[in-house]
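# Breakdown of the fold
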Amino acid sequence: MKSLYFLVDCNNFYVSCERVFRPALWGRPVVVLSNNDGNVVALSNEVKEMGLPFGAPFFEVKRLIRKNGVAVFSSNYTLYGDMSRRVMECLARFSPEMEVYSIDEAFLSLRGMTGDPAAYGREVREAVRQWTGIPVTVGIAPTKTMAKLASRMGKKDPACGGVFDLTDRGRAEGALESADAGDVWGVGRQYRELLRRYGIRTARELRDAPDAWVRRNMTITGLRTVWELRGVPCIPLDEQPAPKQGIVSSRSFGRPVERLNELREAVAAYTGRAAEKLRAQGSAAGSMTVFISTNRFRETDPQYSNGVTCRLPVPSAYTPRLIQVALGLLDRIYREGYSYKKAGVMLFEIMPQGDAQLDLFSRFHDTDRGRRLMRTVDGLNRAMGRHTLRFAAEGIEKPWQMRRAFLSGRFTTHWKEIPVARA
DNA sequence: TCTGGGGTCCTAGGACCC
DNA sequence: TCTGGGGTCCTAGGACCC
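Remember, predicted model here, so these are calculated numbers, not experimental data.

## Section: the protein's contact with DNA strand C
Around DNA strand C lies a shell of 13 residues, among which E105, K148, G186, G188 and Y191 are the nearest. In the environment of DNA strand C, a sugar or linking oxygen lies 3.0 Å from a nitrogen or oxygen atom belonging to the side chain of E105. For DNA strand C, a phosphate oxygen lies 3.0 Å from a polar atom in the backbone of G186. Elements represented by at least two residues in the surface near DNA strand C include exactly β5 (97-102) and α8 (189-197). It is α8 that contributes the most residues to the surface near DNA strand C, three residues altogether. Class assignment of the residues belonging to the surface near DNA strand C gives a composition of five nonpolar, four polar and four charged.

Here is the structure:
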């Protein structure tokens with residue numbers, strides 16, 4: 001059966017999520033900021049046209065933004081996560097084989113389909129728009145890498161109506177010719193420069209590069225990419241992503257933190273979040289790292305950053321236990337006299353909860369009671385909203401919490417914040 | 001004053017095993 | 001003076017993705 005992939009990519013996803021609930025902003029310039037209102041991480045087309053770069057620190061471009069009447073939002077992951085779930089549910093109806101690739105992208109496999117792929121692509125696009133309000137671009141090609149390229153080209157070409165089909169040989173050739181090698185999925189900045197030095201500038205030149213050279217300079221991963229550009233599928237659809245091997249929870253603080261007590265609250269809160277992610281995939285962690293750092297951008301301030309790892313006596317997913325260990329680690333690396341800007345917790349040696357090797361002499365096994373307690377806590381938080389139940393160690397006031405000055409509502413996940421329409 | 005937060009895979013080299 | 005032939009595991013570093 002001939003392979004055929006759709007890559008469905010939401011247009012300016014975070015911006016679109018905000019616009020769904022503020023329809024007056026369609027056609028107007030909009031940006032969304034990263035956590036802590038740090039950088040610009042999503043731009044509407046109008047803003048892209050102004051030449052504002054992705055990732056610019058907000059404080060540097062604030063004036064420009066204000067001058068041009070750009071609407072600004074803090075990132076609202078509660079909203080984006082839920083909107084993403086709705087988009088994916090809609091897409092799942094169009095193919096039995098789907099890979100949710102990121103919060104705003106999914107691959108559909110339509111191998112063996114009969115009929116016009118582009119027409120089907122338009123159906124997909126229309127359904128998502130109607131059911132969720134989110135505009136998407138559909139890239140269509142025989143390999144995932146080519147489908148990514150197709151959707152990228154589709155976004156640059158308003159005339160295509162959001163569906164870009166590269167199944168035709170001639171069109172594919174033209175697309176590869178016009179695309180920069182750096183636009184290819186799997187080619188980042190370093191490889192782009194390397195390719196440039198060897199005179200490879202376009203995606204077509206990359207496709208035609210000799211296998212041996214690619215293998216030597218870009219590893220087996222690069223060779224797969226090149227073959228995919230030739231139309232040979234090498235990157236299979238990953239329908240059920242493996243459980244994570246590492247889980248990280250870290251944040252910058254809304255303001256500098258100096259006191260150990262406040263750091264402890266933050267670390268406890270991040271540990272709680274990491275443990276939630278751990279349990280959500282049914283795992284336990286065998287080791288843990290805690291790290292803290294000062295603000296590296298304030299070069300004149302005294303700098304300190306440190307991290308420490310320990311192995312747990314027995315793998316665990318029990319929040320109180322993990323918090324206890326994390327705070328012990330924090331005490332070991334904390335130094336007085338610094339302004340801390342960031343802290344984080346990482347969990348490793350992750351395994352299915354039932355597989356953990358027990359220790360005959362340890363007092364720290366996760367008991368059945370403990371597991372039931374965590375299930376109850378997670379269940380309540382799922383049903384009633386995150387943070388409904390939390391651990392006292394996380395603190396109450398949380399003065400270290402991130403800045404989110406332009407936060408929109410939790411329109412789809414919180415009863416009190418459901419939008420009201422007046423007719 | 002203000003600068004994000006997650007992840008994955010691959011390779012080379014060294015330690016160690018029989 | 002002579003010094004095999006496999007294999008695994010771990011780590012650090014480098015590349016990439018959103």
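## As for the packing of helix α4 (residues 77-92) against helix α5 (residues 117-132)
The N-to-C vectors of α4 and α5 enclose an angle of 140°; their axes lie 10 Å apart at closest approach. Our classification of the angle between α4 and α5 gives oblique. Relative to α5, the crossing made by α4 is right-handed. From α4, M83, R86, V87, C90 and L91 reach across to α5, where they touch V124, A127, V128, W131 and T132. For the contact of α4 with α5, the residue count by class is eight nonpolar, one polar and one charged.

## Things to note about the nonpolar core
The nonpolar side chains of a soluble globular protein tend to be buried with one another. Counting 37 residues, the largest nonpolar core has F253, L263, M288, V290 and L347 as the members making the most contacts within it. Counting residues per element, the ones that place at least two in this core are β9 (247-257), α11 (260-280), β10 (283-294), β11 (305-316), α12 (319-333) and β12 (340-352). A total of nine residues in this core trace back to one element, the largest contributor, which is α11. When residues no more than four places from it in sequence are discounted, the contact partners of L347 are Q245, G246, I247, A274, A275, L278, A285, S287 and M288. With 36 residues, the next largest nonpolar core counts F6, V15, M83 and V136 among its residues.

## Here we look at the packing of aromatic side chains
By the definition in use, this model includes 17 aromatic pairs. With a centroid separation of 5.6 Å and an interplanar angle of 85°, the aromatic rings of Y14 and Y77 are classed as edge-to-face. Of the two residues, Y14 sits in helix α1 (residues 13-21) while Y77 sits in helix α4, which places them 63 residues apart along the sequence. Residue Y14 is classed as buried on the basis of its relative accessible area, which comes to 16%.

## Description of helix α10 (residues 211-229)
Its 19 residues give α10 an end-to-end C-alpha distance of only 13 Å, which falls more than 12% under 27 Å, the value for a rise of 1.5 Å per residue. Maximum bend of α10: about 130°, positioned at M218. When α10 is considered as a whole, its buried residues turn out to be W213, V214, M218, G222, L223, T225, V226, E228 and L229. Against α6 (144-156), α7 (169-178), α8 and α9 (203-207) lie the buried residues of α10. Downstream of α10 by a residue or two, G231 has a phi angle that is positive, lying close to 95°.

## Remarks on α11
Taking 1.5 Å per residue, 21 residues should reach 30 Å; α11 reaches 30 Å between its end C-alpha atoms and fits that length. Positive backbone phi, approximately 70°, marks G282, located one or two places after α11.

## Description of the protein's contact with DNA strand B
Contacts to DNA strand B come from 29 residues, most closely from V248, S250, R251, S252 and K341. Atoms of DNA strand B within 4 Å of the protein: sugar and phosphate make up 75%, bases the balance. The separation between a phosphate oxygen of DNA strand B and a polar main-chain atom of V248 is 2.7 Å. Within the side chain of R298, a nitrogen or oxygen atom sits 3.3 Å from a phosphate oxygen of DNA strand B. Looking at the surface near DNA strand B, the elements that each hand over two or more residues are α3 (58-67), α10, β9 and β12. The residue makeup of the surface near DNA strand B, split by class, is six nonpolar, twelve polar and eleven charged.

## Quick look at the side chain of T412
When you line up the elements, T412 lands in the segment after α13 (368-384). Side-chain polar atoms of T412 contact the side chain of D82, separated by 2.6 Å. The contacts of T412, once residues within four sequence positions are left out, are F21, L79, D82, M83 and R86.

## Looking at a positive patch on the surface
A contiguous patch of positive charge, built from K244, R251, K277, R386 and R404, is present on the exposed surface. Structurally, the position occupied by R386 is in the segment after α13.

## Details of the packing of α6 against α7
A pair of packed helices is captured by two measures, namely the crossing angle of their axes and the spacing between those axes. Two numbers describe how α6 lies on α7: the axes approach to 11 Å, and their chain directions differ by 75°. The orientation of α6 relative to α7 falls into the category roughly perpendicular. On the side of α6, the interface is formed by M146, L149 and M153, while α7 contributes A172, A175, L176 and S178. Residues of the contact of α6 with α7, tallied by class, amount to six nonpolar, one polar and no charged.

## A few points about the environment of T132
Take T132: it is sitting in helix α5. When near neighbours in sequence (up to four residues on either side) are disregarded, T132 contacts V20, M83, R86 and V87. A distance of 3.1 Å separates a polar atom in the side chain of T132 from the backbone nitrogen of I134.

Definitions and limits used
- Residues numbered from 1 in each chain as written.
- Chains lettered and ligands numbered in written order.
- Predicted model: local features only at pLDDT ≥ 70, side-chain atom pairs only at ≥ 80, totals over all residues.
- Heavy atoms only, no water.
- Near = heavy atom within 4 Å.
- Polar contact = N/O pair within 3.5 Å; in protein donor to acceptor, adjacent residues only side chain to side chain.
- Helix = DSSP H or I, 4+ residues; strand = E, 2+ residues; numbered from the N terminus.
- Nonpolar A, V, L, I, M, F, W, Y, C, P; charged D, E, K, R; others polar.
- Axes fitted to C-alpha atoms, helices over the stretch in contact; angles between N-to-C directions.
- Parallel < 35°, antiparallel > 145°, perpendicular 65-115°, else oblique.
- Left-handed = near helix turned anticlockwise from the far one by under 90°.
- Contact = heavy atoms within 4.5 Å.
- Core = buried A, V, L, I, M, F, W, Y, C linked by side-chain atoms within 4.5 Å.
- Buried < 20%, exposed > 50% of the residue type's maximum accessible area, 1.4 Å probe, protein only.
- Phe/Tyr/Trp six-rings, centres within 6.5 Å; stacked < 30°, edge-to-face > 60°.
- Expected span 1.5 Å × (residues − 1).
- Bend = angle between axes of the 7 residues up to and from the residue.
- Patch = residues over 30% accessible without salt bridge, like charges linked within 9 Å, V, L, I, M, F, W, Y side chains within 5 Å.
- Areas by Shrake-Rupley, 256 points an atom, 1.4 Å probe, with all protein chains shown as cover.
- Salt bridge = Lys/Arg side-chain N within 4 Å of Asp/Glu carboxyl O.
- Lys, Arg positive; Asp, Glu negative; His and termini not counted.
- Charge placed at Lys NZ, Arg CZ, Asp CG, Glu CD.

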